[in-house]
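Geometric and topological summary
Next come the chains, spelled out residue by residue.
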Amino acid sequence: MSFVNIKKQYLAMGMLVFVLLFLFNNKPAFQCQFSPEMSSYLPPIYGGLPPTYARLAQKADLTRLSQTLSLVKNFHWIVIEDSETKTKLVENLLKESSLKYTHLNVKTHKAKHSHGASGVEQRNAALEWLRGYLETAEDKKGVVYFMDDDNTYSLKVFEEMRKINKVGVWPVGIVGGMRVEMPLVTNGKVTGFNAVWKPFRPFPIDMAGFAINATLFLDHPDAKFSRKVQSGFQESEILKYFTTKEEMEPLADNCTKVYVWHTRTQKPSILNVKKLKHTPVPDDHIEV
Ligand SMILES: *[C@@H]1O[C@H](CO)[C@@H](O)[C@H](O)[C@H]1NC(C)=O
Ligand SMILES: *[C@@H]1O[C@H](CO)[C@@H](O)[C@H](O)[C@H]1NC(C)=O
């Protein structure tokens, strides 16, 4: 091949690339013709829901969580405070975040015969809000995920849950006295659960280990959490409305990967100022 021929070929290729680039750059209408499913449609994730309550590490925990969530596409954060009124601390934190959020509050009324189940009233109020929202929403698709403000979430867990058809499950690290609590999967089906804490529960899994198709909450208007069940049974209580063990969809590579950890923030100990020899400068005006 002569030098001249090669140059011509390059020139032709270059022109072809140029023409193709020109065509694609100038035809946004062409891209819009794809149906949402075919292009980059992502069902929204409605996450949060469990209560956040006032405590010293609250702002630290919520800051860490909100910054993780700001990396999740099409995420709607539902924050529900266990208090009589919405607090300035949470309100400001939400306003300063770049997240799409809904801020609610419900105070827990300690019932005489309650089983110490936390977050029941709050989660149910959040589910009521969600139903009202979805009824009028154009896009009724989505995923509901019950979160804790001090858990650790990999971005991968959110990618996984968007694949859900009805109810998806995956392992949770460092929970229930185990390194990892997880559904057992055989031939792509959930056949059991590897759990040691109350293994007799209908679904011995943690709240962080599953998510539910949001549309299903409209199909099951009665689905809610209950104060009447003993501790550790809230997961089973809500899941019973939507799925059976056999129907669960094992995600995270057939439940072989850990993408969420049930980490706990240690309760901080603050010294009693009155007992100190050197009284520090007052710091009440600073939000921590
Ligand atoms: C949820 O269910 C609805 C209705 O069956 C379906 O259209 C949707 O694709 C499902 N998945 C998600 C993530 O919304
Ligand atoms: C899960 O297991 C099933 C059955 O063995 C297999 O067909 C499927 O590809 C696996 N899924 C993943 C994501 O590894």
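Relevant structure appears above.
The model shown is predicted, which means the values in this text are computed figures rather than measured ones. (Residues numbered from 1 in each chain as written. Chains lettered and ligands numbered in written order. Predicted model: local features only at pLDDT ≥ 70, side-chain atom pairs only at ≥ 80, totals over all residues. Heavy atoms only, no water.)

Right, let's get into the overall build of the chain. Across its full length, the chain holds 9 helices and 12 strands. Taking all 288 residues of the chain together, the buried fraction comes to 42%. Pairs at least 24 apart in sequence give 74% of the contacts found in the chain among residues at least 6 apart. Counting only carbon and sulfur atoms, one obtains 59% of the accessible surface of the chain, whose full area is about 17400 Å². (Helix = DSSP H or I, 4+ residues; strand = E, 2+ residues; numbered from the N terminus. Buried < 20%, exposed > 50% of the residue type's maximum accessible area, 1.4 Å probe, protein only. Contact = heavy atoms within 4.5 Å. Areas by Shrake-Rupley, 256 points an atom, 1.4 Å probe, with all protein chains shown as cover.)

Enumeration according to the criterion identifies 13 aromatic pairs in this entry. Pairing Y145 with Y153 gives two aromatic rings, centres 5.8 Å apart and planes at 80°, and the pair type is edge-to-face. Residues Y145 and Y153 agree in their burial class; the two are buried. Centre to centre, the rings of Y153 and F158 are 6.1 Å apart; their planes meet at 40°, and the pair counts as tilted. Take Y153 and F158: they sit in the same class, and that class is buried. In this structure an aromatic cluster arises from ring pairing among F75, Y145, Y153, F158 and W170. Positioned over the ring face of Y53 is R55, at 4.6 Å from the centre of the ring. (Phe/Tyr/Trp six-rings, centres within 6.5 Å; stacked < 30°, edge-to-face > 60°. Lys NZ or Arg CZ within 6 Å of the ring centre and 35° of its normal.)

Applying the stated criterion to the full structure yields 1 cavity of 30 Å³ or more. Considering only enclosed or pocket space, the largest cavity measures out at about 30 Å³ in volume. Surrounding the largest cavity, T52, Y53, A54, Q58, E81, D82, S83 and T87 form its lining. Per-class residue counts for the lining of the largest cavity are 2 nonpolar, 4 polar and 2 charged. (1 Å grid on protein atoms, 1.4 Å probe; cavity = no way out; pocket = protein on both sides within 12 Å on 5 of 7 lines; lining within 4 Å. Points joined across faces, edges and corners; volume = space filled by probe spheres on them. Nonpolar A, V, L, I, M, F, W, Y, C, P; charged D, E, K, R; others polar.)

Every residue near ligand 2 is listed here: N187, G188, D253 and N254. Taking N254, its side chain carries an N or O atom lying 2.3 Å from an oxygen atom of ligand 2. In the complex, the protein chains occlude 34% of the 360 Å² of accessible area that ligand 2 would expose alone. Class assignment of the residues belonging to the shell around ligand 2 gives a composition of no nonpolar, 3 polar and 1 charged. (Near = heavy atom within 4 Å. Polar contact = N/O pair within 3.5 Å; in protein donor to acceptor, adjacent residues only side chain to side chain.)

What follows concerns the site of ligand 1. Around ligand 1 sit P43, K141, G142, V143, I164, N165, N213 and T215, and that is every residue in its neighbourhood. Taking N213, its side chain carries an N or O atom lying 2.4 Å from an oxygen atom of ligand 1. Its residues assigned to classes, the shell around ligand 1 shows 3 nonpolar, 4 polar and 1 charged.

Let us now look at the sheet that holds strand β1 (residues 45–52). Taken in spatial order, the 7 strands make up an open sheet running β3-β2-β1-β4-β10-β6-β11, and their pairing is mixed. Each of the sheet's edge strands pairs with one partner strand only, and the pair in question is β3 (100–105) and β11 (249–250). Looking at chain direction, strand β6 (residues 167–169) and β11 are connected through 2 bridges and run parallel. Across the sheet, residue V169 finds its bridge partner in β11, namely P250. (Pairing = 2+ DSSP bridges.)

To continue, consider the layout of surface pockets. Size it by volume and the second largest pocket reaches roughly 280 Å³. Lining the second largest pocket we find L56, I270, V273, T279, P280, V281, P282, D283, D284, I286 and V288. Considering only residue class, the lining of the second largest pocket consists of 8 nonpolar, 1 polar and 2 charged.

Okay, the side chain of S83 next. Structurally, the position occupied by S83 is in the loop between β2 (75–81) and α4 (88–96). What makes S83 buried here is its relative accessible area of 15%. Here S83 is in contact with N105, V106 and K107, once residues within four sequence places are set aside.

Among all positions in α4, only L89, V90, L93 and L94 are buried. Buried residues along α4 cover an arc of 125° about the axis, so they all sit on one side. In α4, those exposed residues whose orientation departs by more than 90 degrees from the buried face are K88, K95 and E96. The secondary structure elements touched by the buried residues of α4 are α3 (58–69), β2 and β3. (Arc of directions from axis to C-beta.)

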